[in-house]
Amino acid sequence: MTRSISRRAALAGLGLAAASAGCLGRTENIAGRDPPEQLTLEINATPADADPNGIRIARQLEEHLTAVGIDVRLNTVGQTDLWRKVLINQNFDLYVGQFVETEPFDPDALYGLTHSRFVAESGWQNPFGLTEMAVDDLLERQRRAAGRDRDDAVDALQETVCELQPFSVVAFPDALTAVQESRFDGWTEDRQPLSVTGLLELDDVAADGSGGGGSATNASAGGVETTTDAAAADATGDALRLVTTDDRITENWNPIAAEYRNHGTFTGLLYDPLVRADGDEFFPWLATGWERVDETTLDVTLREARWHDGEPVTASDVAFTYAFLRDTSLGNVETPVPTPRFRGRSSVVEGARARDESTVRLTVADVNETVAARALRVPILPEHVWSERTGAATIAGFEFDFETTEAIVSNNPDPVGSGPLRFVEATAGESVAFERNPDHFLVRSTPEDDADASGETADPRAGVPSRYHGKPAFDRLRIEVLPSDISAVESVAEGLADATVSNLGPESVPRIGRSADARLVSGRSAAFYHVGYNVRRSPLSNPRFRAVIARLIDKTAIVDGAFDGYARAATSPLAASSADVPESVAWADGSDPVHPFFDDGGSLDVAAAREALREIGYRFDGEGRLLSRGR
Amino acid sequence: MTPFLSVLTSVVAWVVAMLVVASVAVIGPARLRETWSGLRDRLWDARRAVAVVCAVLIASAVGRPPLLDVSRLFGLQATAFIYGLEGGFVAWVQATFATPALTAYFSWVYVYGYAFLLAFPPVAYLALPRTTTFSRVLVAYALNYGIGLVLYTAVFAHGPRNVMPDMVTPLLFTTQPDVMALTSEVNVNSNVFPSLHTSLSVTVGTFAVLTHEEYPRWTPVAVPLSLSVVVATMYLGIHWLTDVVAGFALAFGSVALAYRLVEPRSDPGVPRDGPEDDQPPSEPNASD
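Residues numbered from 1 in each chain as written. Chains lettered and ligands numbered in written order. Predicted model: local features only at pLDDT ≥ 70, side-chain atom pairs only at ≥ 80, totals over all residues. Heavy atoms only, no water.

## As for the overall build of chain A
Counting secondary structure elements, chain A contains 22 helices and 26 strands. Out of the 631 residues belonging to chain A, those deemed buried represent 58%. Across chain A, contacts joining residues at least 24 apart in sequence account for 71% of those joining residues at least 6 apart. Entry remark: accessible area of chain A is about 24700 Å², with carbon and sulfur atoms responsible for 48%. (Helix = DSSP H or I, 4+ residues; strand = E, 2+ residues; numbered from the N terminus. Buried < 20%, exposed > 50% of the residue type's maximum accessible area, 1.4 Å probe, protein only. Contact = heavy atoms within 4.5 Å. Areas by Shrake-Rupley, 256 points an atom, 1.4 Å probe, with all protein chains shown as cover.)

## Some points on empty space enclosed by the protein
Residues and elements named next belong to chain A. The tally for this structure, following the rule as stated, stands at six cavities of 30 Å³ or more. Estimated volume of the largest cavity: approximately 430 Å³. What lines the largest cavity is a set of 30 residues, and nearest its centre among them are Q79, D246, R248, N262 and H263. Those elements that provide at least two residues to the lining of the largest cavity are α4 (79–88), β4 (94–98) and α11 (265–270). When its residues are assigned to classes, the lining of the largest cavity shows eleven nonpolar, 15 polar and four charged. The computed volume of the second largest cavity comes to approximately 180 Å³. Along the walls of the second largest cavity sit 21 residues, with D174, A175, L176, N503 and L504 positioned nearest its centre. The element that contributes the greatest number of residues to the lining of the second largest cavity is strand β5 (residues 167–180), accounting for five residues. Looking at the lining of the second largest cavity residue by residue, the class counts come to eleven nonpolar, nine polar and one charged. (1 Å grid on protein atoms, 1.4 Å probe; cavity = no way out; pocket = protein on both sides within 12 Å on 5 of 7 lines; lining within 4 Å. Points joined across faces, edges and corners; volume = space filled by probe spheres on them. Nonpolar A, V, L, I, M, F, W, Y, C, P; charged D, E, K, R; others polar.)

## Let's talk about the nonpolar core
The biggest cluster of nonpolar side chains holds 72 residues, and the ones touching the most others in it are L242, L274 and F434 of chain A. Ranked by residue count, the leading element in this core is helix α12 (residues 315–326) of chain A, at seven residues. In contact with L274 of chain A, other than residues within four places in its own chain, are P284, W285, L286, A287, V300, L302, V318, Y322, L376, V378 and I380 of chain A. Judged by nonpolar contacts, the second largest core, of 62 residues, contains I55, F598 and Y618 of chain A together with W240 of chain B. (Core = buried A, V, L, I, M, F, W, Y, C linked by side-chain atoms within 4.5 Å.)

## Points about the confidence of the model for chain B
Predicted coordinates in areas of low pLDDT are best not read in detail. Residue and element names in this part refer to chain B. Of all residues in chain B, 90% have pLDDT values of 70 or greater, and the mean over the chain is 86. Confidence drops under a pLDDT of 50 for residues 267–288, and excluding neighbours within four residues, the segment shows 30 contacts in the predicted structure. Interface confidence in the predicted complex, given as ipTM, is 0.83; pTM for the same model is 0.87. (pLDDT = per-residue confidence, 0-100.)

## Regarding the side chain of S491 of chain A
All names here are of chain A. Structurally, S491 can be placed in helix α18 (residues 485–493). For S491, a relative accessible area of 9% puts it in the buried group. In this structure S491 touches V243, L482, L496 and A497, once residues within four positions along its chain are discounted.

## As for the domain arrangement of chain A
Put simply, an interface is often sized by how much accessible area is lost when its parts join up. Residue and element names in this part refer to chain A. Structurally, chain A comprises domain 1 (40–173 + 526–627) and domain 2 (272–418). For domain 1 versus domain 2, the distance between C-alpha centres works out to 31 Å. Taken together, the 21 residues of domain 1 in the interface contact 18 residues of domain 2. Of the roughly 1500 Å² buried between domain 1 and domain 2 on both sides combined, carbon and sulfur atoms contribute 46%. Between domain 1 and domain 2 we count four salt bridges in total. Ionic pairing is found between R343 and E121, a salt bridge with its closest N-O pair at 2.8 Å. Inspection of the domain 1/domain 2 interface yields ten residue pairs in polar contact (both at pLDDT 80 or more). Every element with two or more residues in the side of domain 1 that touches domain 2 is listed here: α5 (109–114) and α6 (133–144). In terms of residue class, the side of domain 1 that touches domain 2 is built from six nonpolar, six polar and nine charged. (Domains from an automatic or database assignment. Buried area = accessible area lost by both parts, 1.4 Å probe. Salt bridge = Lys/Arg side-chain N within 4 Å of Asp/Glu carboxyl O. Polar contact = N/O pair within 3.5 Å; in protein donor to acceptor, adjacent residues only side chain to side chain.)

## Thoughts on the pattern of salt bridges
Pairs can form between side chains of opposite charge once their charged atoms are near each other. One pass over the structure, following the stated rule, counts 41 salt bridges over all chains. Among the charged side chains, a salt-bridge network with shared partners connects E101, D108, R143, R345 and R374 of chain A.

## Brief notes about the confidence of the model for chain A
Residues and elements named next belong to chain A. For chain A, mean pLDDT is 87; residues scoring 70 or higher make up 89% of the total. When the elements of chain A are averaged for pLDDT, helix α9 (residues 213–220) gives the smallest value, 37, and strand β22 (residues 529–533) the largest, 97. Across residues 209–229, where pLDDT falls below 50, the model places 16 contacts with residues more than four positions away in sequence or in other chains.

## Topic: the packing of aromatic side chains
Aromatic rings considered in pairs are described by the distance between their centres and by the relative angle of their planes. Residue and element names in this part refer to chain A. All told, the structure shown has 38 aromatic pairs over all chains when counted by the stated rule. Relative to F528, the ring of F167 lies with its centre 5.9 Å away and its plane at 20 degrees, an arrangement referred to as stacked. One end of the pair, F167, is in strand β5; the other, F528, is in the loop between β21 (518–524) and β22, and 361 residues separate them in sequence. Here F167 matches F528 in class, with each residue buried. (Phe/Tyr/Trp six-rings, centres within 6.5 Å; stacked < 30°, edge-to-face > 60°.)

## Quick look at the UniProt feature "transmembrane region" (unreviewed entry) in chain B
All names here are of chain B. The UniProt record annotates "transmembrane region" (unreviewed entry) at residues 6–28, 49–67, 73–93, 105–128, 134–157 and 244–262. Annotated as residues 49–67, this span is 100% helix and 0% strand, and its ends, taken at the C-alpha atoms, are 25 Å apart. Secondary structure across residues 134–157 divides into 88% helix and 8% strand, with the first and last C-alpha atoms of the span separated by 34 Å. (UniProt positions renumbered as here; feature names shortened; annotations may be inferred.)

## Details of the interface of chain B and chain A
If you look at the interface, chain B gives 23 residues, while chain A gives 26 residues. Counting each side, the surface lost to burial between chain B and chain A is near 2000 Å², with a carbon and sulfur contribution of 51%. At the junction of chain B and chain A, the tally comes to three salt bridges. The partner of D81 of chain A in a salt bridge is R72 of chain B, with the nearest N and O atoms 2.8 Å apart. For the interface between chain B and chain A, the tally reads nine residue pairs in polar contact (both at pLDDT 80 or more). Taken together, the elements giving at least two residues each to the side of chain B that touches chain A come down to α3 (47–74), α4 (79–86), α8 (160–163), α9 (171–175) and α10 (177–186) of chain B. When residues of the side of chain B that touches chain A are assigned to their parent elements, the largest contribution, four residues, is made by α10 of chain B. A breakdown of the residues in the side of chain B that touches chain A according to their chemical character gives twelve nonpolar, seven polar and four charged.

## With respect to the side chain of N162 of chain B
If you trace the backbone, N162 of chain B turns up in helix α8. Within the structure, the side chain of N162 of chain B is placed 2.9 Å from the backbone nitrogen of A48 of chain A, a separation counted as a polar contact. With residues up to four places along the chain from it excluded, the contact list for N162 of chain B reads P47, A48, D49, I55 and T76 of chain A together with N189 of chain B.

## Examining the packing of helix α7 (residues 132–154) of chain B against helix α11 (residues 196–210) of chain B
Residue and element names in this part refer to chain B. With their axes 10 Å apart at the nearest point, α7 and α11 run at an angle of 160 degrees to one another. What the angle tells us is that α7 and α11 run roughly antiparallel. The handedness of the crossing between α7 and α11 comes out as right-handed. Listed contacts from α11 to T133, R136, V137, A140, Y141, N144, Y145, G148 and Y152 of α7 are L196, S199, L200, T203, V204 and F207. Of the residues that constitute the contact of α7 with α11, the class distribution is nine nonpolar, five polar and one charged. (Axes fitted to C-alpha atoms, helices over the stretch in contact; angles between N-to-C directions. Parallel < 35°, antiparallel > 145°, perpendicular 65-115°, else oblique. Left-handed = near helix turned anticlockwise from the far one by under 90°.)

As structure tokens, then:
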């Protein structure tokens, strides 16, 4: 910047001199031009304390971009600020982050992520600003088609998305978790251990008959203990104690606040969806069942359930939820304000109407069964709480033009859900405590004994896999915030906590090994690390330019170095899902089939990268700086 | 005992032990007895400085969390700038000098040595018959904290260990994870510019040089120790060189300002000017 100004000033001086020589016109023609400047790109990532892995990807990219002549600003911001910047304000060039879903997800997840219909919205829907008709068409096709037709559409979709690179998939990490198995076991090993289903599947070791039963009953009354005793009770009683470096769950419990949710694990336990999925298996949760009446109509029947405040869960709550996710202002703000999370899946439901207390009729687009079931996997919200938050967001009573609603910006204090856990207390930045919801259908006893009395009453857990019956196995769930992954691991090793929640860096793995009591549990997470591009901005709007940047990422080196092998490099965002990944986009032989790294014996081949940039029309100055115009 | 309490206890134990030794060796038993008898008068004499430092410490403790939010939202995002400015200097320091022995030394200095370095001067200068230096050191502390807090708010940046984890090891926290419980309690990882460890240590070191005649034995302890703290901030991967340079500037500025603000009292009521009194007669002593 300063360089160009000084050059201009010099030109102005020359111009004055030249004017006297009578050649003003020509000088004006030169001085009136903006000289080209070096391209500047900003990479946003969270600091190592928040996530030890992402920043390492950002560092490698920074080095390689610098090597090819781009001026890089590597910016670290906290997790909330990163997602606010990227998802809400869309004020970024590149970012390094993790996808929201940890469980293998359906290809339809790409609908929300890349469809151009969401380009003007903020949230996890199309944060890149991609507008490609080819992608839109394939996204629509995979929603309608079934069977082989859908597989073909998904294959083509993966190829197109990989080709266009609105984001570069880097690697699918192993969710490393340090656990202490003396109190709870059954940690899932084939996928992320700390997920909604993973937490619900835990078993209480004490309940198997070993000692500690006495203390367990002690803490069953945990709900009424005072704050000061609570921590002490958690240490001895039947509480699951988790440690994390992510303090967002201690201050915000809003299931639709995109910048505050990581994978939504704990809000997923506060709020029940109609349907849950475990791998490829779908089973009814808050619903007892659903029926496709015709192509565009879906009837859902509800289980008998109550909100944490005692109100019954009704069909109108469900109808409200879908209308609310479509427009959180429910018409109170001029333009609709859609939810920043669950937008893709909730967009399947075009209308919802309560037929009676426990049946809701959903009008759905013409979609296949899988996509319809996915649409039922949104958190159901209580109408009596959220209908009061549909006004435009205000600060101290003043309305600003933020185009958002109270519902989206609310921290949702004292969350009222219907889930198996309910909120107890929290100290912002330090800890949060939840307790088992004694009223939840998972812990309700089977009415076999009094079936005669209540007549037609069915099993309250009908359709729910038996592994969840009577769960969760803990009375309380306490999450404590610690300053780094290392202190989190130490805390588990010393027996102060049962498991770590947040990401661990590879340095912490040997610490787990050195501890006698802690054990490393890891499963592949579907939450892939990626580099996201702001496609709205030049030159990132150029898919050829993005393709060159993608080729600057040495995924193999990142997996071996940053992750110490605890990750798998990938090309397709669906590499961890059950969907077939076509060979054209399947990572093979340590190389990316679409955008292979400019490899020169393990380091970056700068000359080849520059040549590739020249070939697609970019230019360099004498000092090797990549020049840009019109930014 | 939680990690936080156990670390706190050991820091307090170390500092008290070192204070006792240093008081005897540097101040001397005679002066200490004298101080004890005149303690109340001297504190009353320096009441303004004591009040100022207390006010700043309370404001810092209360104001830090909300100001941190202000910094996050509106502060100057400086990580990229600082990193662009100095690049891998801290990584180079670690790669060149790191040995287990040095790591142990600098970790000790960063936590225990620093706490002692800050605690001793108020004790030592309170033992002087005149309270001018005592007041000045307290005012300098207050200026360091106050200006530091303003800069923390204005500048949002993360330290090298958070930006280059591939090259900079968080040595302090990998060797002594418990210490993190303490440091995270008193500081957050986005408060790196300027380095208050540097500025307060250098403040103490500067005072030690300026009062060399009073406490000749303190200077050779304080100066190496304060420089060790300065190096430790970078060696341990916590601060950038930029933070350290700013810390030096803050230290010298605070000392100069403290000398200007606290004039040596020419107490007409107490006309006896003992020969052991060594108020630097002119302000330029303040190394500005």
